[in-house]
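# Examination of the molecular architecture
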Amino acid sequence: MSFVTDSPVHSSSSDDFAALIDAELEVGSSVSSPDEQDDEDEEADAHNTNDDDLDSQSLTYRNKRCKTEKLEDLEEPQGSTSQGLIEEKIEVSLKEDICAHPGSFGQMCILCGQRLDDESGVTFGYIHKGLRLGNDEIVRLRSTDMKNLLRHKKLYLVLDLDHTLLNSTQLMHLTPEEEYLKGQSDSLQDVSKGSLFMLDFMRTMTKLRPFVRTFLKEASEMFEMYIYTMGDRPYALEMAKLLDPKREYFSDRVISRDDGTQKHQKGLDVVLGQESAVVILDDTENAWIKHKDNLILMERYHFFASSCHQFGYNCKSLSQLKSDESEPDGALASVLKVLRQIHHIFFDEFDSNLASRDVRQVLKTVRKEVLKGCKIVFSRVFPTKFQADSHLLWKMAEHLGATCTTETDSSVTHVISMDAGTEKSRWAVKEKKFLVHPRWIEAANYLWQKQPEENFPIPQTKNQ
């Protein structure tokens, strides 16, 4: 039996552990006696266990029998050997039999079959239901997989679903203006050719983000990819089928909220990859409190009206406008360029040993280049008496490499304002400095590229 499918390029850490499990189960089943099998069948009937439980039980019987045989061998020469020597040999034998318990199904060690009451480690239900790995085994698997991955010049990429790769809505939430979509949905027989799907059995309609198929294909050449969503597991698996019908990108690396270790939070503790080699794409920064340095924040994809309403936007959605993001210039095309740059710097520009490199440092370096050389003054953007350097926009600009200040001088390059009539705004016009809307900073943050200032003008009031 196989718990996960092998990666197209190499065996991932989850596949590595599954291979270990499979090997143990095959050995266990091959040595089981008819009597032991009868015992297993009776126990299975009593507890209504599945085939995987039977395999685990066979491990228990195999190990118990091996230990019994060893003890019987030691007890045979009782007449000619002192009792102390026998006890010493038994003690040595038992020490040799001690298992490190690298993982378990339920409360049973996957290697020795011993019942375990200790619940340390992390559950990896997306690899196999009921699978828990000990901390030492997680470290070992991550280290092994990291070496394998770097050998193939790959990193890890964790991808959010909703508003990042796609947008979904309940059919009941479609507005009258969106009813036309029901007649334009694509066939589920060959999802690789479509982008709009009506999943009647889930009472859901899903729209894939433009460029997503090209994005996944090209990103898979640089990264081993995971899906990580706050949706439930059935939803996650259905979306994975739409995005990856041939299972060539994600295999079983589909993580849902049911697999996380913290409520309303996402964490890399359930990802079998070194944090120093993980890049995250997500539209929600607060979902990754512990891993913001790994995160590339995505501009949200609002195709359906319900999505706009969910985030408080009082505007028409793309579906209502019968429009969509641009394939060549949209969010996924833009972030793919950033990922290529990160991959290139990580593998080709660092002088340090490959294993000691950290993609989080690369992310900081690339981000700092976006607004490098810009000196920014804000004018009536923050609430009165608000500590300016604590504001999100101020911090965002600094993370992008800009210098922020509260006073104008000749070195200032940009004034950020929503009102062209302020003193600083008028100064910017007079001194021929850039006067732009705050969205200019937000766009640079999402696209990881300085945007043309003329695309972010401030509306002029009538008396100006």
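In this report, we go over the structure that sits alongside the text. What you see is a predicted model; the values in this text were computed from it and never measured.

Now for the overall build of the protein chain. For the protein chain, the count of helices and strands is 13 helices and 16 strands. Out of the 464 residues belonging to the protein chain, those deemed buried represent 49%. The long-range fraction of contacts in the protein chain, counting pairs at least 24 apart against all pairs at least 6 apart in sequence, stands at 65%. By element, 48% of the accessible surface of the protein chain is carried by carbon and sulfur atoms, the whole surface being about 23900 Å².

Burial within strand β13 (residues 375-379) is extensive, with five of its five residues counted as buried. Every second residue of β13 is oriented toward a common face, with K375, V377 and S379 on one face and I376 and F378 on the other, all of them buried. Relative to strand β14 (residues 403-405), β13 runs parallel, the two being bridged by three bridges. Across the sheet, I376 pairs through a bridge with C404, a residue of β14. Taking the sense of rotation as the criterion, the β-α-β connection linking β13, helix α11 (residues 392-399) and β14 turns out right-handed. For β13 and strand β15 (residues 414-417), the ladder comprises four bridges, and the chain directions are parallel.

Next up on the list: the packing of aromatic side chains. Enumeration according to the criterion identifies eight aromatic pairs in this entry. Plain terms: the ring middles of Y301 and F303 are 6.2 Å apart, the flat faces sit at 35 degrees to each other, and that makes the pair tilted. An aromatic cluster of at least three residues, connected via ring pairs, comprises F124, Y126 and Y226. K207 extends its terminal NZ or CZ atom over the ring of F303, reaching a point 5.3 Å from the ring centre.

Attention now moves to the nonpolar core. Grouped together as the largest cluster of nonpolar side chains are 99 residues, with contacts concentrated most on L157, F215, I296, F378 and I441. The dominant element in this core, judged by the number of residues it contributes, is helix α9 (residues 331-349), at eleven residues. Discounting residues that sit within four places of it in the chain, I441 has contacts with I376, F378, L393, M396, A397, L400 and I416. Residues L174, M205, Y301 and F304 belong to the second largest nonpolar core, which totals nine residues.

Bringing the pairing of strand β6 (residues 166-170) into the picture now. The element β6 is extensively covered by neighbouring structure, given that four of its five residues are classed as buried. Direction of pairing for β6 relative to strand β8 (residues 204-208): antiparallel, over a ladder of five bridges. Paired with T169 across the strands is M205, a residue of β8.

Right, let's talk about helix α10 (residues 359-368) for a bit. Looking at α10, one finds that the buried residues are V359, V362, L363, V366 and R367. Down the axis of α10, the smallest arc covering the buried residues is 130 degrees, so these residues share one side. Among the structural elements, β5 (155-159), β11 (278-282), β12 (295-297), α9 and α11 are those in contact with the buried residues of α10.

The next thing to look at is the pattern of salt bridges. Summed over the entire model, instances satisfying the criterion amount to 20 salt bridges. The partner of D252 in a salt bridge is R247, with the nearest N and O atoms 3.2 Å apart. The residue E275 makes a salt bridge to R360 at a minimum N-O spacing of 3.6 Å. Of this pair, E275 sits in the loop between β10 (254-255) and β11 while R360 sits in helix α10; the two residues are 85 residues apart in sequence, bridging distant segments of the chain. Exposure remark for R360: the relative accessible area of 23% places this residue in the partly exposed category.

Rules behind the numbers
Residues numbered from 1 in each chain as written. Predicted model: local features only at pLDDT ≥ 70, side-chain atom pairs only at ≥ 80, totals over all residues. Heavy atoms only, no water. Helix = DSSP H or I, 4+ residues; strand = E, 2+ residues; numbered from the N terminus. Buried < 20%, exposed > 50% of the residue type's maximum accessible area, 1.4 Å probe, protein only. Contact = heavy atoms within 4.5 Å. Areas by Shrake-Rupley, 256 points an atom, 1.4 Å probe, with all protein chains shown as cover. Pairing = 2+ DSSP bridges. Right-handed = clockwise from strand over helix to strand, strands pointing away. Phe/Tyr/Trp six-rings, centres within 6.5 Å; stacked < 30°, edge-to-face > 60°. Lys NZ or Arg CZ within 6 Å of the ring centre and 35° of its normal. Core = buried A, V, L, I, M, F, W, Y, C linked by side-chain atoms within 4.5 Å. Arc of directions from axis to C-beta. Salt bridge = Lys/Arg side-chain N within 4 Å of Asp/Glu carboxyl O.

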